[in-house]
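Per-entry structural report
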Amino acid sequence: KFEEINSIAVLGAGNMGHGIAEVAAMAGYEVTMRDIEEDLVQDGYDSIEWSLNKLAEKDQLTQE
């Protein structure tokens, strides 16, 4: 059952992977993002942070 799923893993932190991770996190899931190199994962997290800040600037999301 879907309601029993609390966390997900996203394999790949590129454009598609970090986008999926962002949407899943916003939906309330605990998300783990993995890639072949730690730098790629950090780039993915940086992209998510940038995107969330843009949504907050447009008042589509609170800064919290």
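Look up a bit, the structure's there.
Given the structure is predicted, the values throughout are model-derived calculations rather than measurements.

Looking at the overall build of the chain
A tally of helices and strands in the chain yields two helices and two strands. Along the chain direction, N to C, the helices and strands of the chain fall in the order β-α-β-α. Taking all 64 residues of the chain together, 20% fall into the buried category. Of all intrachain contacts in the chain linking residues separated by at least 6 positions in sequence, the fraction that spans at least 24 positions is 31%. Per element, the accessible surface of the chain, about 5100 Å² overall, is 52% carbon and sulfur. When the 4 basic and 14 acidic side-chain charges of the chain are each reduced to a single mean position, those positions are 7 Å apart.

Thoughts on helix α1 (residues 15-26)
Here α1 is twelve residues long and its end C-alpha atoms lie 17 Å apart, about the 16 Å a rise of 1.5 Å per residue gives. Those residues of α1 that fall on the buried side of the exposure criterion are G17, H18, A21, E22 and A24. Looking at the packing, one finds that the buried side of α1 touches β1 (7-11), β2 (30-34) and α2 (38-57). Of the residues one or two after α1, G28 is the one with positive phi, at around 105°.

Some thoughts on the pattern of salt bridges
As enumerated under the stated definition, the model contains one salt bridge in all. Between K54 and E57 there is a salt bridge; the shortest N-O distance is 3.6 Å. Taken together, the residues K54 and E57, both in helix α2 and three residues apart, mark about one turn of the helix.

A word on the pairing of β2
The pairing of β1 with β2 spans five bridges and is parallel. Across the sheet, I8 pairs through a bridge with V31, a residue of β2. The β-α-β motif built from β1, the intervening α1 and the parallel element β2 has right-handed crossover chirality.

Concerning the packing of α1 against α2
At a minimum axis separation of 9 Å, α1 and α2 run at an interaxial angle of 55°. With respect to each other, α1 and α2 are oriented oblique. Judged by the twist between their axes, the crossing of α1 over α2 is right-handed. Listed contacts from α2 to H18, A21, E22 and M26 of α1 are G44, S47, I48, S51, L52 and L55. Looking at the contact of α1 with α2, its residues break down into five nonpolar, four polar and one charged.

So, how was this worked out
Residues numbered from 1 in each chain as written. Predicted model: local features only at pLDDT ≥ 70, side-chain atom pairs only at ≥ 80, totals over all residues. Heavy atoms only, no water. Helix = DSSP H or I, 4+ residues; strand = E, 2+ residues; numbered from the N terminus. Buried < 20%, exposed > 50% of the residue type's maximum accessible area, 1.4 Å probe, protein only. Contact = heavy atoms within 4.5 Å. Areas by Shrake-Rupley, 256 points an atom, 1.4 Å probe, with all protein chains shown as cover. Lys, Arg positive; Asp, Glu negative; His and termini not counted. Charge placed at Lys NZ, Arg CZ, Asp CG, Glu CD. Expected span 1.5 Å × (residues − 1). Salt bridge = Lys/Arg side-chain N within 4 Å of Asp/Glu carboxyl O. Pairing = 2+ DSSP bridges. Right-handed = clockwise from strand over helix to strand, strands pointing away. Axes fitted to C-alpha atoms, helices over the stretch in contact; angles between N-to-C directions. Parallel < 35°, antiparallel > 145°, perpendicular 65-115°, else oblique. Left-handed = near helix turned anticlockwise from the far one by under 90°. Nonpolar A, V, L, I, M, F, W, Y, C, P; charged D, E, K, R; others polar.

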